[in-house]
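Commentary on secondary and tertiary structure
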Amino acid sequence: MSTEFPEIGGTQDVFYGRPPAVPLPMMARAEGIRFWDEAGKEYIDASSGPMVSALGHCNPNVVAAMSRQALRLDYAYPQIARSRSNLDYAARLSAMAGPGFERVNFASGGSEAIDNALKFARQYALATNQASRRRIISLDPSYHGATIASLAAGGNDTLRPFFDGFAVMAQTIRAPVTYRLNPGETPESSAAASARELEDTIVALGPETVLAFLIEPVGGVSTGAVVPPAGFFTAIRDICTRHGVFLIFDEAICGAGRTGTFFAAHHWPDVRPDIIVQAKGLGAGYAPLAAMLVSATHADTLARLTGFNFSYSYNANPVSCAVGLAVLDEFDRLDLCANAIRRGAELRTGLEALKESCPLVGDVRGLGMLLAVELVADKATKAPLQQEFRALDRLRRHALDLGLLIYARETAGGRFGQWFMVAPPLVATHEDTDLILERIARLLDRVASDAVAARLL
Ligand code: PMP
């Protein structure tokens, strides 16, 4: 490992108790889209952590609601007692989701909520004489969480040795792509090929064995904000319906207003998934909170037959639900979905300009305030920067120096590109987006200079 640019983030060890391998800033406080470390240096939160901090930091209204709830009723175990905050929150979320999402199940994070969605589908299959349905289909690449089941449900080939003999990984189909296309492909034909592969895979496995197709409608940390064309969603809905397969939208990243509608599914109003998972932005960093939404038809059928018998001690925690409600109040008060569209458009325009001026920027993509910038060594061939250059580590290190916290990633050893997310808190102002763009321009200049020095450009 290069000592000049040691790895930061991505595969960072997450144990505490010994000194970190690389010095990360020790944050002392935060407000809005900014952090300050213990030395007083300012950083802009340009990706909301891992697309979590939708409201920015230390929002006084959320903190007050949290504290009021904690002082009034801190905990009630949902199996034996109810709390007003979880009932009110469930009602509000399901009303926002609209028809087909009348029932809500809460969890502490995206991974748990994905587990819950898979358990719900499996229990429904068992209760309705479809016991052979147990296979999950997902995209290659994809990421759906870090519990054993949610990790196995994602499409990541490098994990095969981990899961071999331990748990069954999902069957994967190639994700629709919009930039790293095969020769002669367009985004539309790539999406059509993915949809065809979904149907072929269901047929090859035997439809009676397939439980669910799990996808992020807008790519997050696996593909870097790929937005498939609308026809893809119509096609996969039709395929799942014809084969009796649950269609699950994982909106852990693209939900909670990030793409300009609170539920990403609402971008395609004619396509209704069977289950939606919302996570990160729901609690917005203030409390561990995620939700799985299903139809009354599915949930009540299951309730009549066997019930959905899995829960966690911290499901529907009253304080988390009070935070969730306060976050929704802030979304309304500040009109954050509209802001996500407005500021997202400003960021996109600025990033597109950088694509013209910076030799390293191959692609800018995304929806609303979920944007990604993909780096390349050669725009014409789309060749990625050599692994030895450690582009993402350089990027993270220069970003910290410039006072920018960014989320940079590659999947499948760079097979799907190297990119960083531009996804600041949805409360960002016009001045904030200008400042973020200015720092990103300086960041890309620095990495481009490194690449010139390394004779890569
Ligand atoms: N699904 C997706 C699409 C995600 O990006 C993530 C987290 N990056 C998860 C699920 C898991 O969420 P959590 O980290 O809250 O468990």
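As recorded in an unreviewed UniProt entry, the protein chain goes by the name Adenosylmethionine-8-amino-7-oxononanoate aminotransferase, listed as coming from Blastochloris viridis. As its UniProt record puts it under Cofactor (unreviewed entry), the protein chain is described as follows: "pyridoxal 5'-phosphate". What the UniProt record of the protein chain gives under Sequence similarities (unreviewed entry) is the line "Belongs to the class-III pyridoxal-phosphate-dependent aminotransferase family."

Here's the deal with the overall build of the protein chain
From N to C terminus, the protein chain includes 13 helices and 15 strands. Over its C-alpha atoms the protein chain spans a radius of gyration of 22 Å, differing by no more than 12% from the 23 Å that the globule rule assigns to 457 residues. Based on the C-alpha atoms only, the size of the protein chain along its principal axes is roughly 65 × 55 × 45 Å. When the 457 residues of the protein chain are sorted by exposure, 51% land in the buried category. Taking contacts inside the protein chain between residues at least 6 apart in sequence as the whole, the part at least 24 apart equals 74%.

Some words on the packing of helix H7 (residues 187–205) against helix H8 (residues 230–243)
Between H7 and H8, the shortest axis-to-axis distance is 9 Å and the interhelical angle comes to 10 degrees. By the criterion of interaxial angle, the relationship of H7 to H8 is roughly parallel. Of the residues in H8, those touching H7 at Glu188, Ala191, Ser194, Ala195, Leu198, Glu199 and Ile202 are Gly231, Phe232, Ala235, Ile236, Ile239 and His243. In terms of residue class, the contact of H7 with H8 is built from eight nonpolar, three polar and two charged.

Points about the sheet that holds strand E3 (residues 42–45)
If you walk across this open sheet you meet the four strands as E1-E2-E3-E13, and the pairing is mixed. Because the sheet does not close on itself, it has two edges, and the strands there are strand E1 (27–31) and strand E13 (404–405). Bridge count for E1 against strand E2 (residues 34–37) is four bridges, and the pairing is antiparallel. Its bridge partner being in E2, Glu31 is matched across the sheet by Arg34.

Some thoughts on the site of the ligand
In the vicinity of the ligand, 16 residues are found, and the nearest of them are Gly109, Gly110, Ser111, Gly145 and Ala252. By residue number, the principal contributor to the shell around the ligand is helix H4 (residues 110–127), which donates three residues. Here the residues of the shell around the ligand are counted per class, giving seven nonpolar, six polar and three charged.

Quick notes on the environment of Val373
Following the sequence through the fold, Val373 ends up in strand E12 (residues 370–375). Filtering out sequence-adjacent residues up to four positions away, Val373 remains in contact with Leu351, Val361, Val364, Trp419, Phe420 and Val422.

Structural notes on the environment of Ile148
Mapped onto the elements, Ile148 comes out in helix H5 (residues 148–153). On the neighbour-count criterion, Ile148 (14 C-beta atoms within 10 Å) is partly exposed.

Some remarks on the nonpolar core
Judged by nonpolar contacts, the single largest core of 139 residues is most densely connected at Phe213, Val277 and Leu371. Broken down by element, this core gets its largest block of residues, eight residues, from H4. For Phe213, the residues in contact, after removing those within four places along its chain, are Ile137, Leu198, Ile236, Cys240, Val245, Leu247 and Ile248.

Side note on the pairing of strand E5 (residues 135–140)
With five of six residues buried, E5 is to be regarded as a mostly interior element. As paired strands, E5 and strand E6 (residues 171–174) are joined by four bridges and run parallel to one another. Note on E6: the bridge partner recorded for Asp140 is Arg174.

Some thoughts on the confidence of the model for the protein chain
Here the protein chain averages 94 in pLDDT, and 96% of its residues register 70 or above. Confidence estimates for the predicted assembly give a pTM of 0.96 and an ipTM of 0.99.

Re unusual backbone geometry
With an omega of 0 degrees, the peptide bond running from Asp140 to Pro141 counts as cis. Relative to the helices and strands, Pro141 is located in the loop between E5 and H5. Residue Asp335 is not a glycine yet carries a positive backbone phi of 50 degrees. Relative to the helices and strands, Asp335 resides in the loop between helix H10 (318–334) and helix H11 (336–357).

Focus on H4
Taking 1.5 Å per residue as the helical rise, H4 with its 18 residues ought to reach 26 Å, and the 25 Å between its terminal C-alpha atoms agrees with that figure. In terms of burial, H4 is a largely internal element, 13 of the 18 residues being buried. Following H4 by one or two positions, Asn129 has its phi on the positive side, about 60 degrees.

A short note on the pairing of E2
Joining the antiparallel neighbours E1 and E2 is a turn of two residues, in which Gly32 adopts a positive phi near 55 degrees. Bridge analysis of E2 against E3 gives three bridges, and the strand direction is antiparallel. Residue pairing for E3: Trp36 is matched across the bridge by Glu42. Between E2 and E3, which pair antiparallel and follow one another directly, the connecting turn spans four residues, one of which, Gly40, has a positive phi of 90 degrees.

With respect to helix H12 (residues 391–402)
Taking 1.5 Å per residue as the helical rise, H12 with its 12 residues ought to reach 16 Å, and the 16 Å between its terminal C-alpha atoms agrees with that figure. Of the residues making up H12, those classed as buried are Ala391, Leu392, Asp393, Arg394, Leu395, Arg396, His398 and Ala399. Next to the buried residues of H12 lie E12, E13, strand E14 (407–410), strand E15 (418–422) and helix H13 (430–453). Immediately downstream of H12, the backbone of Gly403 shows phi near 80 degrees, a positive value.

Considering the sheet that holds E15
One open sheet accounts for four strands, arranged E11-E12-E15-E14; its pairing is antiparallel. Each having just a single partner strand, strand E11 (361–367) and E14 make up the two edges of the open sheet. Each strand axis lies, on average, 25 degrees off the axis of its neighbour in the sheet, ignoring direction. As judged from the four bridges shared by E14 and E15, these two strands associate in the antiparallel manner. Within E15, the residue paired with Glu410 across the bridge is Gln418. Across the face of the sheet, H12 comes into contact with E12, E14 and E15 while running at roughly 180 degrees to E14.

Rules behind the numbers
- The residue numbering used here restarts from 1 in each chain and proceeds along that chain's sequence as written.
- Local features in a predicted model are, by the rule used here, given only for residues with pLDDT of at least 70; side-chain atom pairs are given and counted only at 80 or more, and totals for whole chains, interfaces and linings are based on all residues.
- UniProt positions are given in the numbering used here, feature names are shortened, and annotations may be inferred rather than shown by experiment.
- Every helix listed is a DSSP run of H or I at least four residues long, and every strand listed is a run of E at least two residues long, numbered separately from the N terminus.
- What the globule rule says is 2.2 Å times the number of residues to the power 0.38, and the radius of gyration is computed from C-alpha atoms.
- Whether a residue is buried, exposed or partly exposed is read from the other C-beta atoms within 10 Å of its own C-beta, which are placed from the backbone; 20 or more gives buried, 12 or fewer gives exposed, and intermediate counts give partly exposed.
- Each residue gets a C-beta atom placed from its backbone, and two residues are in contact if those atoms lie within 7 Å.
- Here an axis means a line fitted to C-alpha atoms, over the contact stretch when the element is a helix, while the angle between two N-to-C directions is reported on a 0 to 180 degree scale.
- Here roughly perpendicular refers to angles of 65 to 115 degrees, roughly parallel to angles under 35, roughly antiparallel to angles over 145, and oblique to all remaining angles.
- Polarity classes work like this: nonpolar for Ala, Val, Leu, Ile, Met, Phe, Trp, Tyr, Cys and Pro, charged for Asp, Glu, Lys and Arg, and polar for all others, with Gly in that last group.
- DSSP-based pairing: two strands are paired if at least 2 bridges between them are found.
- What makes a residue near a molecule or strand is its C-beta atom, placed from the backbone, lying within 6 Å of it.
- One nonpolar core equals one set of buried Ala, Val, Leu, Ile, Met, Phe, Trp, Tyr and Cys residues connected by C-beta atoms within 7 Å.
- Every residue gets a pLDDT, meaning the predictor's confidence in that residue, from 0 to 100.
- Each helix should span, by expectation, one fewer than its residue count multiplied by 1.5 Å.

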